[in-house]
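What follows is each chain in one-letter form.
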Amino acid sequence: MSDWERASTARVLPPARPRKLAKVPFVELADGRVQGVVSSGSDIGRVYVSSVAAGTYEFACSTNNNRPCGGARGMFCNHILALLNEAALQYGVERVARYLRVEVAAEELTAQAVSQVMIAARPSQGDSTAAASVFSQFLRHLAYLEFEPSTAPVPELQWFPPTRAVG
Ligand SMILES: [Zn+2]
């Protein structure tokens, strides 16, 4: 065995135990929307792209393959609720409420209360034209994670089924 081989072997680390998949790996306040990516509760290979618009609360949810979410027919689905929860955790519920233009009394301000106000306003369901751009933001975010100096696998990539030729 050469020195080089020995050196490189010594650097191989045991595979890290995959982290528990984040329920909401990506959320941003952008383009007048709270938008992001929510992992499917049941299928590791599927993620949802969910969004709610500021002011109108128009919402959309579809899979990364652009199939409409079955839970978002006429009302916020669990993915959207999870997205709003995560947004409140990441950005603070006050900022999220202000961004969405939801008015909730300060002493009652929770992510749930913000969702309730929007649901009570009976928002309409938008199309998912924004999904592609949200999803590409997410992929950029993943690419960035890949450049972190780490030998651990990136479990986020497990969500993506092997690339197939579209024909
Ligand atoms: Zn959904």
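Thresholds, definitions, all that
- Residues numbered from 1 in each chain as written.
- Predicted model: local features only at pLDDT ≥ 70, side-chain atom pairs only at ≥ 80, totals over all residues.
- Heavy atoms only, no water.
- 1 Å grid on protein atoms, 1.4 Å probe; cavity = no way out; pocket = protein on both sides within 12 Å on 5 of 7 lines; lining within 4 Å.
- Points joined across faces, edges and corners; volume = space filled by probe spheres on them.
- Helix = DSSP H or I, 4+ residues; strand = E, 2+ residues; numbered from the N terminus.
- Nonpolar A, V, L, I, M, F, W, Y, C, P; charged D, E, K, R; others polar.
- Donors = N, O, S within 2.8 Å, 3.2 Å for Na, K, Ca; no water.
- Tetrahedral: all angles 85-135°; square planar, octahedral: opposite > 155°, others 65-115°.
- Salt bridge = Lys/Arg side-chain N within 4 Å of Asp/Glu carboxyl O.
- Pairing = 2+ DSSP bridges.
- Axes fitted to C-alpha atoms, helices over the stretch in contact; angles between N-to-C directions.
- Contact = heavy atoms within 4.5 Å.
- Parallel < 35°, antiparallel > 145°, perpendicular 65-115°, else oblique.
- Left-handed = near helix turned anticlockwise from the far one by under 90°.
- Buried < 20%, exposed > 50% of the residue type's maximum accessible area, 1.4 Å probe, protein only.

Undergrad: Even after reading the chapter, I still don't get empty space enclosed by the protein, so can you show me in this structure?
TA: A probe as big as a water molecule, rolled over the atoms, marks out the empty space that is left. All told, the structure shown has one cavity of 30 Å³ or more when counted by the stated rule. Empty space within the largest cavity amounts to approximately 30 Å³. Surrounding the largest cavity, Leu-84, Ala-88, Val-93, Val-96, Ala-111, Val-114 and Ser-115 form its lining. Among the elements of the structure, helix 2 (78–91), helix 3 (93–100) and helix 4 (111–120) are those that each provide at least two residues to the lining of the largest cavity. By residue number, the principal contributor to the lining of the largest cavity is helix 4, which donates three residues. Considering only residue class, the lining of the largest cavity consists of six nonpolar, one polar and no charged.

Undergrad: Whenever I open this one, the coordination of the zinc ion confuses me. Can you help?
TA: Metal coordination angles have textbook ideals: 109.5 degrees for a tetrahedral set of four donors and 90 or 180 degrees for an octahedral set of six. For the zinc ion, the protein coordination sphere consists of Cys-61 (SG), Cys-69 (SG), Cys-77 (SG) and His-79 (ND1), at 2.0 to 2.3 Å. Metal-centred angles of 103 to 115° between the four donor atoms at the zinc ion mark the site as tetrahedral. Read N to C, the donor residues that coordinate the zinc ion are spaced as C-x7-C-x7-C-x1-H.

Undergrad: Sorry if this is basic, but what is going on with the pattern of salt bridges here?
TA: One pass over the structure, following the stated rule, counts one salt bridge. Asp-31 serves as the salt-bridge partner of Arg-33, at 3.8 Å between the closest nitrogen and oxygen.

Undergrad: Help me understand the sheet that holds strand 4 (residues 59–63), please; the structure alone is not making it clear to me.
TA: For sheets, the rule is that strands pair by backbone hydrogen bonds, running either parallel or antiparallel. One open sheet accounts for four strands, arranged 1-2-3-4; its pairing is antiparallel. Every interior strand has two partners, whereas the edge strands, strand 1 (26–30) and strand 4, have only one. Within this sheet the neighbouring strands show an average axis-to-axis angle of 10°, counted without direction. Pairing of strand 3 (residues 47–53) with strand 4, which is carried by five bridges, proceeds in the antiparallel orientation. Across the sheet, the residue bridging to Ser-50 is Cys-61, located in strand 4. Docked against the sheet, helix 2 engages strand 1, strand 2 (33–39), strand 3 and strand 4, running at close to 110° with respect to strand 2.

Undergrad: Can you walk me through the packing of helix 3 against helix 4 in this structure?
TA: Packed helices, taken two at a time, are described by the angle between their axes plus the distance between the axes. Interhelical geometry of helix 3 versus helix 4 gives an angle of 15° and a closest axis separation of 10 Å. It follows from the interaxial angle that helix 3 and helix 4 lie roughly parallel. Handedness of the crossing formed by helix 3 with helix 4: right-handed. On helix 4, the residues that touch Val-93, Ala-97 and Leu-100 of helix 3 are Ala-111, Val-114 and Met-118. Looking at the contact of helix 3 with helix 4 residue by residue, the class counts come to six nonpolar, no polar and no charged.

Undergrad: Can you help me understand the environment of Phe-26 in this one?
TA: Mapped onto the secondary structure, Phe-26 falls in strand 1. The class of Phe-26 is buried, set by a relative accessible area of 8%. Separated by 111 residues in sequence, Phe-26 and Gln-137 have C-alpha atoms that sit 9.0 Å apart. Residues in contact with Phe-26, not counting those within four places in the same chain, are Gln-35, Gly-36, Val-37, Leu-83, Val-134, Gln-137, Phe-138 and His-141.

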